[in-house]
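Report on the structure
Below are the chains, spelled out letter by letter.
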Amino acid sequence: MGEVDRLRSGPPADVDPGLVVVVEASAPDPGPLLERFRLALRWAAGDEISEPLENVLPAWATESTPRDPSWAPWLSADQRPWRYWEGSVAGPETVRLVVTVPEWPTSLETLSAVLRAVGATEVVVRY
């Protein structure tokens with residue numbers, strides 16, 4: 001099962017993800033934050049999304065190059081070391097993400113940047 005499949009429907013229950021890092025993101029309304037994050041990654045992977053891109057990403061990302069992923073090449077899977085495994089709303093203002101990484105330490109700057117771009121007010125890595 002690939003990353004896009006996990007973004008659409010969650011991870012398989014019987015597969016060990018390997019080395020993971022838990023990241024928590026804060027937002028006043030965490031459900032839409034999680035959905036926008038998933039849609040942004042699906043869009044970057046070339047998956048068809050029904051939501052208009054302007055509703056997923058902020059204006060600065062869509063005004064100059066709408067529907068062109070060149071604004072953020074670091075979001076493509078071949079440019080980032082982490083992969084989405086699963087995500088959930090963990091509290092009234094918290095989204096919890098689990099990402100797989102090839103080794104530790106691994107840069108999670110792009111993950112933080114994507115979360116902030118889709119509306120997170122704070123991002124914390126939990127080891």
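See above for the structure.
Since this is a predicted model, take the numbers as computed values, not measurements.

1. Section: the overall build of the chain
Each helix and strand in the chain was counted, giving 5 helices and 4 strands. Along the chain, from the amino end to the carboxyl end, the secondary structure elements read α-β-α-α-α-β-β-α-β. Of all 127 residues assigned to the chain, the portion counted as buried reaches 40%. Summing over all exposed atoms, the chain offers an accessible surface of approximately 6800 Å²; the carbon and sulfur share of this is 50%.

2. A short note on the pairing of strand E3 (residues 94–100)
Of all 7 residues in E3, 5 are buried, a share of seventy percent or more. Bridge count for strand E1 (residues 20–26) against E3 is 7 bridges, and the pairing is antiparallel. In the sheet register, valine 21 faces E3, and the bridge partner there is valine 99.

3. Structural notes on the packing of aromatic side chains
One pass over the full model with this rule turns up 2 aromatic pairs. Geometrically, the ring pair formed by phenylalanine 37 and tryptophan 82 is stacked, given 6.4 Å between the ring centres and 20° between the ring planes. With phenylalanine 37 in helix H2 (residues 30–44) and tryptophan 82 in the loop between helix H4 (59–62) and strand E2 (83–91), this residue pair connects regions lying 45 residues apart in the sequence. Comparing phenylalanine 37 with tryptophan 82, the two get one shared label, buried. Taking 6.2 Å as the distance between ring centres and 45° as the angle between the ring planes, the aromatic pair formed by phenylalanine 37 and tyrosine 84 counts as tilted. One end of the pair, phenylalanine 37, is in helix H2; the other, tyrosine 84, is in strand E2, with 47 residues separating them in the sequence. By the burial criterion, phenylalanine 37 is buried, and tyrosine 84 matches it. Taken together, the ring pairs in this structure connect Phe37, Trp82 and Tyr84 into an aromatic cluster. The cationic tip of arginine 80 hangs over the ring face of tryptophan 82; the distance from NZ or CZ to the ring centre is 4.3 Å.

4. Some remarks on the pairing of E2
If a strand is regular, its side chains alternate between the two faces of the sheet. Pairing analysis gives 7 bridges linking E2 to E3, with the strands arranged antiparallel. Looking at E3, one finds that glutamate 86 is bridged to valine 98. The hairpin formed by E2 and E3 contains 2 residues between the paired strands.

5. Here's the deal with helix H5 (residues 109–117)
For H5, the set of buried residues is Thr110, Leu111, Val114, Leu115 and Ala117. Angular distribution of buried residues about the axis of H5 spans 160°; they occupy a single face of the element. In the segment just after H5, glycine 119 is the residue with positive phi, at about 120°.

6. Observations concerning the pattern of salt bridges
Under the counting rule described, the total for this entry stands at 5 salt bridges. Its salt-bridge partner being arginine 8, residue aspartate 47 comes within 2.4 Å of it at the nearest N-O pair. In this pair, aspartate 47 is assigned in the loop between H2 and helix H3 (53–56) and arginine 8 in helix H1 (residues 3–9), connecting sequence segments 39 residues apart. One continuous salt-bridge network, built from bridges that share partners, spans Arg8, Arg42 and Asp47.

About the thresholds
Residues numbered from 1 in each chain as written. Predicted model: local features only at pLDDT ≥ 70, side-chain atom pairs only at ≥ 80, totals over all residues. Heavy atoms only, no water. Helix = DSSP H or I, 4+ residues; strand = E, 2+ residues; numbered from the N terminus. Buried < 20%, exposed > 50% of the residue type's maximum accessible area, 1.4 Å probe, protein only. Areas by Shrake-Rupley, 256 points an atom, 1.4 Å probe, with all protein chains shown as cover. Pairing = 2+ DSSP bridges. Phe/Tyr/Trp six-rings, centres within 6.5 Å; stacked < 30°, edge-to-face > 60°. Lys NZ or Arg CZ within 6 Å of the ring centre and 35° of its normal. Arc of directions from axis to C-beta. Salt bridge = Lys/Arg side-chain N within 4 Å of Asp/Glu carboxyl O.

Nothing here speaks to function; it is geometry throughout.
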